[in-house]
Amino acid sequence: MKKTLARGLMNLLPMALSLWLFWSLFVSLDGLGIVILELVGINQYFVGAGFMLVVALVFAVGLLFSVSPIVWLYGWLERQLMRFPLFKSVYGSIRDIASLMNRDGKPTSQKTVLVKQANGSFVVGFIMTDTPPQPLLDALPEGDWVPVLFQLSYQMAGVTSLIKRDDLIMVDWSFEEAMRFNLTAGISQTPTK
């Protein structure tokens, strides 16, 4: 009975949590849209009208950002706000994470690598960019250095180390599959064919 209960829980829990998360997001965005509708004096609406309004507003903003004056104005506003150190740190981090998710069809530049440790074991890492910032290159000894991210399991946190390219073993493994492997401590693996 214990095994059957655990099997049921392991199959039901991920689906239930995912559905709950998406339902909560829908309800939150719908509530935000309803507040906007009520602000403009529309008091008769149907379930999902607020959500549809928020999606339409996000789409409209996306269209606006294809117009040069809007892009220039937003860039100017962003530069002004980036003068505040706390805002710069928080906003910069969120913008960088969002840019990782939005590739616009561009191929990903991240490469999966293995790095040999002193005890003979290997760690899975990711080359996130081929060009480290110049201040780091200036401070490092001569060599072809690349930043490698070591993702921590069950967290969004990771450790970035600068490693010589010659010390890396390239792995023919997609970034998404390798990241899933790292985030779940090896539990989640794509089945081999």
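Details of the structure are given in the entry above.
Bear in mind the structure is a predicted one, so any value in this text is a computation, not a measurement.

Observations regarding the overall build of the protein
Alright, step 1. Within the protein, the secondary structure is distributed over six helices and five strands.
Alright, step 2. The order of α-helices and β-strands along the protein, N terminus first, is α-α-α-α-β-β-α-β-β-β-α.
Alright, step 3. The C-alpha atoms of the protein give a radius of gyration of 23 Å, which is well past the 16 Å a tight globule of 193 residues would have.
Alright, step 4. Structurally, the protein occupies a C-alpha span of about 65 × 60 × 35 Å along its principal axes.
Alright, step 5. Restricting to contacts in the protein with at least 6 residues of sequence separation, those with at least 24 account for 34%.
Alright, step 6. Surface summary for the protein: the accessible area is close to 14800 Å², and the carbon and sulfur share equals 68%.
Alright, step 7. Both charge centroids of the protein, one from 15 positive and one from 14 negative side chains, sit 7 Å from each other.

Observations regarding helix α6 (residues 175-183)
Alright, step 1. Residues of α6 that are buried: F175, A178, M179 and N182. For α6, the angular spread of buried residues about the axis comes to 100°, placing them on one side.
Alright, step 2. In the core, the buried residues of α6 are packed alongside β1 (111-116), β2 (122-127) and β3 (145-151).
Alright, step 3. The residue sitting at the N-terminus of α6 and contributing the capping side-chain oxygen is S174; that oxygen lies 3.2 Å from the backbone nitrogen of E177.

Definitions and cut-offs
- In this convention, every chain numbers its residues from 1, walking through the sequence in written order.
- Thresholds applied to this predicted model are a pLDDT of at least 70 for local features of residues and 80 or more for the giving and counting of side-chain atom pairs; totals over whole chains, interfaces and linings are not thresholded and use all residues.
- Side-chain numbers come from the whole structure's heavy atoms, not from hydrogens or water.
- Helix numbering and strand numbering both begin at the N terminus, where a helix is a DSSP run of H or I of at least 4 residues and a strand a DSSP run of E of at least 2.
- Radius of gyration: over C-alpha atoms. The globule rule applied is 2.2 Å multiplied by the number of residues raised to the 0.38 power.
- Note on contacts: a residue pair is in contact if any heavy atoms of the two residues lie within 4.5 Å.
- All accessible areas in this document rest on Shrake-Rupley with a 1.4 Å probe, and a residue is counted as covered only by the protein chains that are shown.
- Here Asp and Glu are counted as negative and Lys and Arg as positive; His is not counted, and neither are the chain ends.
- In this description, the location of a charge corresponds to atom NZ of lysine, CZ of arginine, CG of aspartate or CD of glutamate.
- Using a 1.4 Å probe on the protein chains alone, a residue whose accessible area is under 20% of its type maximum counts as buried, one over 50% counts as exposed, and one in between counts as partly exposed.
- What the arc describes is the spread of directions from the helix axis to the C-beta atoms.
- Counted as a polar contact is a pair of N or O atoms within 3.5 Å, where, for protein atoms, one must be capable of donating a hydrogen and the other of accepting one, and residues adjacent in sequence contribute only when both atoms are in side chains.

Just geometry here; none of it tells us what the structure is for.
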